[in-house]
Amino acid sequence: MLSEKLKGYLCGIVSGATYGMIPLFSLPVLHEGLGFDSLLFYRYLMAATVMALIQVVRRRSLAISLRDVPLVVLLGVLFAFSSVFMFMAFDYMPTGLVSTMYFVYPVITALIMSLFFRERMTWVRLLSLVLALAGIAMLYVSDGDERMSLFGVVLTFAAALVYALYIIITNKSRIRKVPSSTLAFWSLAVGAVVFFVRADCGMALQAVPSLKAWGLILLLAIVPTVVSCTALVLSIRYVGSTVTSILGASEPVTAVLCGTLVFGEPMSLRILLGIVVIIVAVLVLVTGDSLVAKMRSKSRKKAIN
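Structure report, in brief. (Residues numbered from 1 in each chain as written. Predicted model: local features only at pLDDT ≥ 70, side-chain atom pairs only at ≥ 80, totals over all residues. Heavy atoms only, no water.)

1. Concerning the environment of A281
So, point 1. Within the secondary structure, A281 sits in helix α13 (residues 269-304).
So, point 2. Under the relative-accessibility criterion, A281 is labelled buried at 1%.
So, point 3. Once the C-alpha coordinates of A281 and M113 are considered, the two residues, 168 residues apart in sequence, prove to be 20 Å apart.
So, point 4. Not counting residues within four places of it along the chain, the set of residues in contact with A281 comprises S128, L131 and A132. (Helix = DSSP H or I, 4+ residues; strand = E, 2+ residues; numbered from the N terminus. Buried < 20%, exposed > 50% of the residue type's maximum accessible area, 1.4 Å probe, protein only. Contact = heavy atoms within 4.5 Å.)

In structure tokens form, the structure reads like this:
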């Protein structure tokens with residue numbers, strides 16, 4: 001049996017890696033003319049439906065207590081608006097630059113956990129965080145001039161802050177007692193409502209353009225949404241907010257690989273080095289604490305002898 005800590009590491013990596021597949025399923029649909037709000041509504045609605053069907057098959061209840069409803073609604077709104085702010089930022093700055101800046105959310109998470117919850121930032125976590133940030137920068141930094149926008153920067157940091165708050169509230173509130181699949185369902189269901197309202201209560205929703213688009217939206221709902229959201233909640237519960245956020249570094253690696261292998265985007269030495277640095281960051285995070293503990297144990301034994 002895997003330990004809870006190892007399960008948390010694996011879930012964190014799976015959550016990030018599957019979330020990074022969003023471009024794989026969304027870009028072809030967007031190219032067919034479906035707008036962001038409509039795509040996100042269908043994505044969240046189908047994901048919530050899939051989660052509900054899974055719970056029915058497993059004979060698990062989706063019920064939550066009345067006192068948990070405000071927190072569940074808050075989490076759903078935060079989860080949805082992390083997507084809203086990011087997609088809005090794309091209108092003001094290049095997607096690569098937005099993606100790079102968005103990964104400041106592990107830093108925000110670590111700072112909030114340290115300032116408000118007295119969580120100690122070990123040198124292992126700090127090193128892995130620095131390596132992850134460096135790797136992300138290597139993946140996305142352009143060789144040309146980037147178009148900067150103050151409003152775009154504000155939107156990107158808002159997306160990062162909202163996502164960090166989602167992770168922290170999931171970890172530190174009483175909502176952590178709610179089963180992960182149930183919490184994931186309600187987060188997605190509330191998100192669907194948010195995007196329905198954003199689409200003028202359905203009046204501005206566009207029709208899905210083709211059968212192929214429906215299939216891609218279904219995959220978008222399952223892989224980078226249902227799987228990613230459920231794995232995220234599990235990782236938070238097993239290893240905490242800060243570690244889970246750092247493990248999210250696997251997300252841009254998947255996105256870059258999808259872009260190269262599927263969409264024919266160029267793969268440079270800089271990008272390869274960025275991927276290697278991110279993998280090293282994850283390995284440092286996963287193995288660092290246990291190695292430090294073993295080294296301390298050996299030192300104590302030598303001191304006793």
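2. Some points on the packing of helix α4 (residues 69-89) against helix α8 (residues 150-172)
So, point 1. In contact at an axis separation of 8 Å, α4 and α8 are set at 155° when each is read in the N-to-C sense. Judged by the inter-axis angle, α4 sits roughly antiparallel to α8. Note that α4 runs across α8; the crossing there is left-handed. For the pair α4 and α8, contact is made by L71, L74, L75, L78, F79, F81, S82, F85, M86, M88 and A89 and by G152, L155, T156, A158, A159, V162, Y163, L165, Y166, I169 and T170, respectively.
So, point 2. Here the contact of α4 with α8 is built from residues that sort into 18 nonpolar, 4 polar and no charged. (Axes fitted to C-alpha atoms, helices over the stretch in contact; angles between N-to-C directions. Parallel < 35°, antiparallel > 145°, perpendicular 65-115°, else oblique. Left-handed = near helix turned anticlockwise from the far one by under 90°. Nonpolar A, V, L, I, M, F, W, Y, C, P; charged D, E, K, R; others polar.)

3. Re the nonpolar core
So, point 1. In this structure, Y166, L188 and I217 are the most contacted members of the largest nonpolar core, which totals 81 residues.
So, point 2. Top element by residues in this core is α8. It accounts for 11 residues.
So, point 3. When sequence neighbours within four positions are dropped, the list of residues in contact with Y166 reads L75, L78, F79, S187, C229, L232 and V233.
So, point 4. By size, the runner-up hydrophobic cluster in this structure holds 8 residues, among which are V239, V243, V282 and L285. (Core = buried A, V, L, I, M, F, W, Y, C linked by side-chain atoms within 4.5 Å.)

4. Things to note about empty space enclosed by the protein
So, point 1. By the definition in use, this model includes 3 cavities of 30 Å³ or more.
So, point 2. Roughly 70 Å³ of internal volume is contained in the largest cavity.
So, point 3. S15, Y105, Y163, L232 and G248 are the residues nearest the centre of the largest cavity, which is lined by 13 residues in total.
So, point 4. The leading source of residues in the lining of the largest cavity is helix α1 (residues 4-19), at 4 residues. (1 Å grid on protein atoms, 1.4 Å probe; cavity = no way out; pocket = protein on both sides within 12 Å on 5 of 7 lines; lining within 4 Å. Points joined across faces, edges and corners; volume = space filled by probe spheres on them.)

5. A look at unusual backbone geometry
So, point 1. The phi dihedral of R59 falls on the positive side, at around 55°, and the residue is not glycine.
So, point 2. Looking at where R59 falls in the secondary structure, it is placed in the loop between α3 (36-57) and α4.

6. A word on helix α2 (residues 22-31)
So, point 1. Among all positions of α2, only I22, F25, S26, P28 and V29 are buried.
So, point 2. G33 lies just past α2 and shows a positive phi near 110°.

7. Some points on a nonpolar patch on the surface
So, point 1. Residues L257, L261, V262, F263, M267, L269, L272 and L273 make up a contiguous nonpolar surface patch of about 750 Å² in total accessible area.
So, point 2. Counting residues per element, the ones that place at least two in the nonpolar patch are α12 (250-261) and α13.
So, point 3. The element that contributes the greatest number of residues to the nonpolar patch is α13, accounting for 3 residues.
So, point 4. Turning to its location among the elements, L269 is positioned in helix α13. (Patch = residues over 30% accessible without salt bridge, like charges linked within 9 Å, V, L, I, M, F, W, Y side chains within 5 Å. Areas by Shrake-Rupley, 256 points an atom, 1.4 Å probe, with all protein chains shown as cover. Salt bridge = Lys/Arg side-chain N within 4 Å of Asp/Glu carboxyl O.)

8. Re the packing of α3 against helix α9 (residues 180-198)
Angle between the axes and distance between the axes are the two parameters that describe a pair of packed helices.
So, point 1. At their nearest, the axes of α3 and α9 sit 8 Å apart, and the two run at 150° to each other. Of the possible angle classes, the one that applies to α3 and α9 is roughly antiparallel. Two packed elements cross with a definite hand, and for α3 against α9 that hand is left-handed. For the pair formed by α3 and α9, the contact residues are D37, L40, F41, Y44, L45, A47, A48, M51, A52 and Q55 on the first element and S181, T182, A184, F185, L188, A189, G191, A192, F195, F196 and R198 on the second.
So, point 2. A breakdown of the residues in the contact of α3 with α9 according to their chemical character gives 15 nonpolar, 4 polar and 2 charged.

9. Examining the environment of P94
So, point 1. Checked against the element boundaries, P94 lands in the loop between α4 and α5 (95-102).
So, point 2. Along the sequence, P94 and G152 sit 58 residues apart, while their C-alpha atoms lie 9.5 Å from each other.

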